[in-house]
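Each chain, letter by letter, is given below.
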Amino acid sequence: MTNPRAHAQSNVSPIRKIREKLKRFFGPWGMFVKGFIKHPVMVGSIVPSSPTLIRHMLRPVDWKNTKLFVEYGPGVGTFCRPVLERMAGDATLIAIDTNEDFIDYLRKDIRDSRFVAVHGSAADVEEIVRAHGFEQADYVLSGLPFSTLPSGVGPAIAAATHRVLRPGGAFLVYQFRARARDFLAVHFRRIDNAFEWVNIPPCFLFWGWKE
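Given the structure is predicted, the values throughout are model-derived calculations rather than measurements.

Is there a simple way to think about the overall build of the protein chain in this case?
Counting its regular elements, the protein chain contains 8 helices and 7 strands. Taking all 211 residues of the protein chain together, 45% fall into the buried category. In the protein chain, of all internal contacts separated by at least 6 residues, the share reaching a separation of at least 24 is 67%. In the form shown here, the protein chain has an accessible surface area of approximately 11300 Å², with 56% of it arising from carbon and sulfur atoms.

I keep staring at helix H3 (residues 51-58) and nothing clicks. Help me out?
Because the α-helix completes a turn every 3.6 residues, residues three or four places apart line up on one side. The set of residues buried in H3 consists of Leu53, Ile54, His56, Met57 and Leu58. Buried residues along H3 sit in contact with strand E1 (68-72), helix H4 (80-86), strand E4 (137-142), strand E5 (165-175), strand E6 (190-196) and strand E7 (203-209).

I would appreciate a short explanation of the pattern of salt bridges in the present structure.
Once their charged atoms are close, side chains differing in charge can pair, the charge on each being opposite to the other. In total, this model carries 7 salt bridges according to the counting rule given. Of the charged contacts, one joins Asp109 and Arg81 as a salt bridge, the two residues approaching to 2.1 Å between their closest N and O atoms. In this pair, Asp109 sits in helix H5 (residues 100-109) while Arg81 sits in helix H4, placing the two residues 28 residues apart along the sequence. A residue is classified by how much of its surface remains accessible, and Arg81, at 29% relative accessible area, is partly exposed.

Quick question: what am I supposed to make of the sheet that holds strand E3 (residues 115-119) here?
The strands that make up a sheet are held in pairs by hydrogen bonds between backbone atoms, and each pair lies either parallel or antiparallel. The mixed open sheet is built from 7 strands, whose spatial order is E3-E2-E1-E4-E5-E7-E6. Of all the strands in the sheet, the pair left with one neighbour each is E3 and E6. Sheet twist, expressed as the average angle between the axes of neighbouring strands with direction ignored, equals 15°. With 4 bridges joining them, E1 and E4 adopt parallel strand pairing. Counterpart to Glu71 in the pairing with E4 is Leu141. Contacting strand E2 (92-97) and E3, H5 runs over the sheet at an angle of about 160° to E3. Those strands touched by helix H7 (residues 153-164) are E1, E4 and E5, and its axis lies near 145° from that of E5.

Could you clarify how one ought to interpret the packing of aromatic side chains in this entry?
The geometry of an aromatic ring pair comes down to the distance between the two centres and the angle between the two planes. Evaluated as defined, the whole model comprises 11 aromatic pairs. Their ring planes at 35° and their centres at 5.3 Å tell us that Phe146 and Phe183 sit as a pair that is tilted. On the criterion of sequence distance, the pair formed by Phe146 in the loop between E4 and H7 and Phe183 in helix H8 (residues 180-185) is long-range, its members being 37 residues apart. Assessed through its relative accessible area of 2%, Phe146 is described here as buried.

Explanation requested: the side chain of Ser50 in the structure shown.
Relative to the helices and strands, Ser50 resides in the loop between helix H2 (14-38) and H3. For Ser50, a relative accessible area of 14% translates into the label buried. In terms of polar contacts, Ser50 uses its side chain to reach the backbone amide nitrogen of Leu53, at 3.1 Å. With residues up to four places along the chain from it excluded, the contact list for Ser50 reads Val198 and Asn199.

Cut-offs used in this document
- Numbers given to residues run from 1 along each chain, matching the order in which its sequence is written.
- With the structure being a predicted model, the display of local features is reserved for residues of pLDDT at least 70 and the display and counting of side-chain atom pairs for 80 or more, all residues being used for whole-chain, interface and lining totals.
- Hydrogens and water molecules were not included; the side-chain quantities draw on all heavy atoms of the structure.
- Counting from the N terminus, the helices are the DSSP runs of H or I reaching at least four residues and the strands are the DSSP runs of E reaching at least two.
- Burial classes follow relative accessibility: with a 1.4 Å probe on protein chains only, a residue under 20% of its type's maximum area counts as buried, one over 50% as exposed, and anything between as partly exposed.
- Residues count as neighbours in contact if any of their non-hydrogen atoms are within 4.5 Å of one another.
- Areas reported here follow the Shrake-Rupley algorithm with a probe of radius 1.4 Å; residue values treat only the protein chains shown as occluding.
- By definition, a salt bridge exists where a carboxyl oxygen of Asp or Glu is found within 4 Å of a side-chain nitrogen of Lys or Arg.
- Here, any two strands with at least 2 DSSP bridges between them count as paired.
- Here an angle of 0 to 180 degrees is reported between the N-to-C directions of two axes, which are lines fitted to C-alpha atoms, with helices fitted over the stretch in contact.
- Under the pairing criterion, centres of Phe, Tyr and Trp rings, with the six-membered ring standing for Trp, must be within 6.5 Å; the plane angle then separates stacked pairs below 30 degrees from edge-to-face pairs above 60, leaving the rest tilted.
- Whenever two N or O atoms come within 3.5 Å, that pair is a polar contact, provided that in protein one can donate a hydrogen and the other can accept it, and provided that, for residues adjacent in sequence, both atoms are side-chain atoms.

So this is what it looks like as structure tokens:
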């Protein structure tokens, strides 16, 4: 008697088998590369952020008083997991990305009731935040490459971020070009900055504080 399962497996094309094996082998890194190839101007780097960069970037966050944390361009969740590890049990992390592949991946990979993955634009952060029951965010994190975004998008994101943050909140930005500070300076009077060497490539860190 023919085994239906064996028959079904025999009908799977060799190319599909190779794709599935590669997907399992490369995991998140393979997904990251795929996202970079499809949307190079929206993904800052082909290499995920280092643990050292993540710790440095998140160091100023007051986790005890954080109810809503927002991330732009979460990719495969390199920052999402450390943020969730630090957040309180009643806090929420909203991750916004224009790449549907990343959002689908995150929804399947991160099983945490505090996590919400949204397919959308960072420029619409105010509407997204309100749609999830919040008026303002405590912190917003972004690794989006401001200098390569389409014309007008960078300034729109910076303006919307300033509006959605509560007083005392901060816009956390890591970039490979110092020019990103110019986008923040229009709206944030106080900007702390640093440089992280332990990352590929090394990058600039900015914290824009809303007064």
